[in-house]
Amino acid sequence: MEKGASHGDLLVYVQDVLQYGVLPSNNQGNQGNRKGSANLSVGTAFEFFGCIPCCTSHGAQPRCQARSPGRAILCQSLSKLITATSRFCFRSCGYRVRVIGQQATAKEAPILIFSPHSSFLDAFVAHWTGLPCLIVRSQDRQRPIFGQLINYTQPVYVWREDPDSRQNTIKEIKRRTTSPDGWQQILIFPEGTCSNRKGLITFKPGAFYPGVPVQPVCIRYPNRLDTLSWTWQGPGALELLWLTMTQFYTYCELEFLPVYVPTEEEKCNPKLFASNVRDVMAKALQVPVIDYSYEDCRLMSKAKKLSLPPSIGLIEVQNIREEFGLDARVLETDFLEKFAKFADQSTGLADAKQFAKYLHLPVDHPKAMELFDINDSDRSGTLNFKKYVRGRCTLMSGSIKNSIGTNVSWDVVKQRLKLSPENLETIDSFVVNLKSDANENDVLDHLYAAVPEWSWIVSDLCNSSSP
């Protein structure tokens with residue numbers, strides 16, 4: 001052991017203790033105790049969590065650089081201290097954790113796959129697995145107290161809005177899992193968001209790109225009341241925290257499944273690798289697999305903002321993206337906003353009359369009826385958002401989409417629509433309002449932007465026989 005290096009580190013840690021070690025009391029936690037919570041104040045536990053990472057945050061940075069024996073031993077000792085203290089805090093707060101199976105070593109399985117992810121309190125798993133590296137949102141590093149603890153694990157931060165973040169994250173995971181520097185295991189929740197544990201949603205493939213063995217770990221909360229599920233609909237974090245505090249005990253189970261070694265095919269196909277691991281975990285948990293993802297949750301949030309039922313956003317975005325090559329953001333900013341223009345706000349559905357009104361055509365017009373039938377794939381007489389997305393994508397691809405002549409004018413389109421004077425005035429007024437100061441050649445472009453289905457209508461009219 002290099003005495004000088006470890007002594008210098010220890011001085012830094014002592015300085016941090018003196019500077020950051022005393023945290024203000026948590027009045028909310030004390031108030032919770034006065035109201036009769038069976039658990040110790042969670043605020044007291046937070047103070048424990050806060051002191052330790054502040055004391056050791058300087059130890060985190062050298063861990064991703066060259067590691068001297070003295071520094072490695074010191075960091076290992078501090079990790080043991082952190083996990084021991086953190087476990088004490090969780091137990092003091094009523095957590096009762098049962099471990100089934102045995103955790104593999106970093107050499108046997110560089111990556112730990114945890115699922116299902118249902119709560120912010122799932123963070124407890126880090127303290128029962130030796131503080132592995134975490135894959136977390138960039139926003140989490142700003143969280144009071146917990147941000148310091150997260151930093152100590154040398155996490156890989158993900159910037160969800162950064163288009164390059166995904167590739168950078170994959171590269172860093174590959175680097176750590178194949179590095180000879182002796183990185184600790186990487187802990188990943190591959191679902192990328194929280195669910196209610198009633199099924200396993202789509203696993204993101206990022207954890208599976210390195211093609212190294214992984215150890216699946218199942219999380220269960222066998223409690224009579226569910227005070228933990230933190231989903232896109234339902235109680236907020238503070239309410240769930242309060243409900244959890246009012247329970248005498250919160251029971252948790254961690255089941256370490258056998259290490260999953262990928263086949264050569266799975267190494268070349270991360271999505272297949274992820275899907276097969278999910279199947280293994282679903283079988284152990286005795287729950288179904290569901291092809292929803294974080295992108296579906298974003299659509300739910302967007303639908304709520306548009307005063308539509310959030311559930312209409314559950315359309316299996318990942319499958320639709322793969323089938324039609326759509327960008328997930330287009331579904332939010334274009335498809336859902338267009339659908340909101342004609343769908344019923346209470347049900348999230350639309351009938352033929354509402355759809356025709358959106359097209360500014362009479363409900364019995366042949367093109368309105370044909371378009372509605374294309375979208376209404378199961379002939380139920382109503383459209384939901386999923387059917388609308390698939391129908392519109394079908395319109396814009398394959399043999400249904402025809403080329404539109406460059407010399408097509410709005411006057412020609414009006415003639416071929418064969419509308420009554422009253423209906424012709426309605427659609428003409430709509431188009432005139434769209435074009436505003438635009439010249440005649442831009443009229444159809446404005447119409448296509450406002451109602452994308454019109455590009456198919458015009459194409460079909462102009463490629464059919466002349467009236």
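Residues numbered from 1 in each chain as written. Predicted model: local features only at pLDDT ≥ 70, side-chain atom pairs only at ≥ 80, totals over all residues. Heavy atoms only, no water.

Caption draft 1: Here's a closer look at the overall build of the protein chain. Of the regular secondary structure elements, the protein chain holds 19 helices and 9 strands. The buried share of the protein chain, reckoned over its 467 residues, is 48%. Across the protein chain, every contact between residues at least 6 apart in sequence was considered, and the portion connecting residues at least 24 apart equals 72%. Total accessible area on the protein chain is roughly 23,300 Å²; 53% of this is exposed by carbon and sulfur atoms. (Helix = DSSP H or I, 4+ residues; strand = E, 2+ residues; numbered from the N terminus. Buried < 20%, exposed > 50% of the residue type's maximum accessible area, 1.4 Å probe, protein only. Contact = heavy atoms within 4.5 Å. Areas by Shrake-Rupley, 256 points an atom, 1.4 Å probe, with all protein chains shown as cover.)

Caption draft 2: The arrangement of the packing of helix α13 (residues 352–359) against helix α14 (residues 366–375) in detail. In the contact formed by α13 and α14, the axes pass within 10 Å of each other and the chain directions differ by 120°. The orientation of α13 relative to α14 falls into the category oblique. Crossing angle aside, the handedness with which α13 passes α14 is right-handed. Here A352, F355, A356 and L359 of α13 come into contact with α14, specifically with A368, L371, F372 and N375. Taken together, the residues of the contact of α13 with α14 sort by class into 7 nonpolar, 1 polar and no charged. (Axes fitted to C-alpha atoms, helices over the stretch in contact; angles between N-to-C directions. Parallel < 35°, antiparallel > 145°, perpendicular 65-115°, else oblique. Left-handed = near helix turned anticlockwise from the far one by under 90°. Nonpolar A, V, L, I, M, F, W, Y, C, P; charged D, E, K, R; others polar.)

Caption draft 3: Broad picture of the sheet that holds strand β1 (residues 95–100). Read across the sheet, 7 strands follow the order β1-β7-β6-β2-β5-β3-β4 without closing on themselves; strand pairing throughout is mixed. Each end of this open sheet is capped by a strand with a single partner; those strands are β1 and β4 (156–158). On average, each strand axis in the sheet is tilted by 25° relative to the strand beside it, whichever way the strands run. Pairing geometry for strand β2 (residues 111–115) and strand β5 (residues 186–188), over 3 bridges, is parallel. By the bridge assignment for β5, I113 is matched with I188. The strands touched by helix α6 (residues 165–178) within the sheet are β2, β3 (133–137), β4 and β5, with β4 carrying the most contacts at an inclination of about 165°. (Pairing = 2+ DSSP bridges.)

Caption draft 4: Broad picture of the packing of helix α16 (residues 410–417) against helix α19 (residues 453–463). Packing of α16 against α19 brings their axes to within 10 Å, and their N-to-C directions diverge by 75°. The angle between α16 and α19 places the two elements in the roughly perpendicular class. On α19, the residues that touch W410, V413, R416 and L417 of α16 are W454, I457, V458, L461 and C462. Partitioning the contact of α16 with α19 into residue classes produces 8 nonpolar, no polar and 1 charged.

Caption draft 5: Representation of the nonpolar core in the model. Within the largest apolar cluster, 49 residues are counted, with the highest numbers of intra-cluster contacts made by L359, F385, W410, V413 and W454. Discounting chain neighbours no more than four positions away, the residues touching W454 are L359, L361, W410, V413, L417, I427, L447 and Y448. In this structure, L121, Y157, F189 and V217 belong to the second largest nonpolar core, which totals 26 residues. (Core = buried A, V, L, I, M, F, W, Y, C linked by side-chain atoms within 4.5 Å.)

Caption draft 6: Local environment of the pattern of salt bridges. According to the stated counting rule, one finds 23 salt bridges in the structure shown. Close ionic contact of R175 with E172 constitutes a salt bridge, the shortest N to O distance being 2.7 Å. Of this pair, R175 and E172 both sit in helix α6, 3 residues apart, which is roughly one turn of the helix. For the salt bridge of D376 with K387, the shortest nitrogen-to-oxygen distance reads 2.8 Å. In this pair, D376 sits in the loop between α14 and β9 (382–383) while K387 sits in helix α15 (residues 385–395), placing the two residues 11 residues apart along the sequence. With a relative accessible area of 10%, K387 lands in the buried category. Residues participating in the shared-partner salt-bridge network are R98, R220, E253 and E255. (Salt bridge = Lys/Arg side-chain N within 4 Å of Asp/Glu carboxyl O.)

Caption draft 7: Local environment of α14. Looking only at α14, the buried set comprises K367, A368, L371, F372 and N375. For α14, the buried positions fall inside an angular range of 130° around the axis, keeping them on one side. Where α14 is buried, its residues meet β8 (350–351), α13, β9, α15 and α19. (Arc of directions from axis to C-beta.)

Caption draft 8: Spotlight on α6. Helix length check: α6, at 14 residues, gives a terminal C-alpha distance of 20 Å against a target of 20 Å (1.5 Å per residue), a fit within 8%. Residues of α6 that are buried in the fold lie against β2, β3, β4 and β5. (Expected span 1.5 Å × (residues − 1).)

Caption draft 9: Summary view of the packing of aromatic side chains. The full count for this structure, using the stated rule, is 20 aromatic pairs. Arranged with centres 6.3 Å apart and planes meeting at 65°, the rings of F90 and F124 form a pair that is edge-to-face. Of the two residues, F90 sits in helix α4 (residues 69–92) while F124 sits in the loop between β2 and β3, which places them 34 residues apart along the sequence. Take F124: its relative accessible area is 0%, and that puts it in the buried class. Ring centres 6.2 Å apart and planes at 40° place the aromatic pair F355 and Y358 in the tilted group. Separated by 3 residues within a single helix, F355 and Y358 lie in helix α13, roughly one turn from each other. (Phe/Tyr/Trp six-rings, centres within 6.5 Å; stacked < 30°, edge-to-face > 60°.)

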